[in-house]
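# A closer look at the structure
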Amino acid sequence: MLFRSRAGAKMHPHNVYKGNPAAGKAGLLKYAGIIGPNASGKSNMIAALAVMRTLVLRSQLEEKILRSLIEQYEFDAHIKVKPVFFEITFVSCERKYRYGFTATKDAVMSEWLFFKEKTREQRVYERTEGSETQHFQFGSEYEKDLKPLQSKTRRDALLCSVASSFNFLHACNVIQF
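Our focus in this paragraph is the sheet that holds strand E5 (residues 108-116). Strand order in this open sheet of five strands is E3-E4-E5-E6-E7, and the pairing throughout is antiparallel. On the outer flanks of this sheet lie strand E3 (84-92) and strand E7 (134-138), each paired with one strand and no other. Strand-to-strand twist in this sheet, taken as the mean axis angle between neighbours without regard to direction, amounts to 5°. Strand direction decides the pairing type here: strand E6 (residues 121-129) and E7, joined by five bridges, are antiparallel. Each bridged residue has a counterpart across the sheet, and for Tyr125 the counterpart in E7 is Phe138. In the packing of helix H1 (residues 42-58) onto the sheet, contacts are made with E3 and strand E4 (95-103), and the angle to E3 comes to roughly 80°.

In structure tokens:
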């Protein structure tokens, strides 16, 4: 879901953060609402964001948290077969971040963190789960800081959660969001 001010829409100037389209920065609404008919998924979207937030904040601390949060959705037949998918895009410190992960109740299957300052998206890291091992790819300027954290990241924990506990800037920006 993207909350941008529509071009040409009549909105009070105090309700919109001004962007600079030439620099790739769109105007953003200061406030947004979620509307829709009954039973259209509004509450489920908020619940999913809460699950994502909890996993990002606490997965490095609690070993069984992934299992407990994902198992509650097992009434859905797709969850038993496919990993759940979370992704969020947000702006922090003049950077547009894209962070996400897929997970089963037993392991994080993939995780990624990218940011964009001007026009080019830069990889901070990508993680994939193999049959026996986890595979990490780091952006060249972040490898020195993040490579030592590979061994500290359990299969059921998010690297973002681990990296933020070591005050890694980009992970802290995700945590603060």
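Quick look at the pattern of salt bridges now. Charged atoms that come close allow side chains of opposite charge to pair. Counted according to the given criterion, the structure contains nine salt bridges. The closest approach of N and O atoms between Glu62 and Arg58, which form a salt bridge, is 2.7 Å. Exposure remark for Glu62: the relative accessible area of 31% places this residue in the partly exposed category. The class of Arg58 is partly exposed, set by a relative accessible area of 35%. Taking the shortest distance from any N to any O, the salt bridge between Glu111 and Arg127 comes out at 3.0 Å.

Parameters and conventions
- Residues numbered from 1 in each chain as written.
- Predicted model: local features only at pLDDT ≥ 70, side-chain atom pairs only at ≥ 80, totals over all residues.
- Heavy atoms only, no water.
- Pairing = 2+ DSSP bridges.
- Helix = DSSP H or I, 4+ residues; strand = E, 2+ residues; numbered from the N terminus.
- Axes fitted to C-alpha atoms, helices over the stretch in contact; angles between N-to-C directions.
- Contact = heavy atoms within 4.5 Å.
- Salt bridge = Lys/Arg side-chain N within 4 Å of Asp/Glu carboxyl O.
- Buried < 20%, exposed > 50% of the residue type's maximum accessible area, 1.4 Å probe, protein only.

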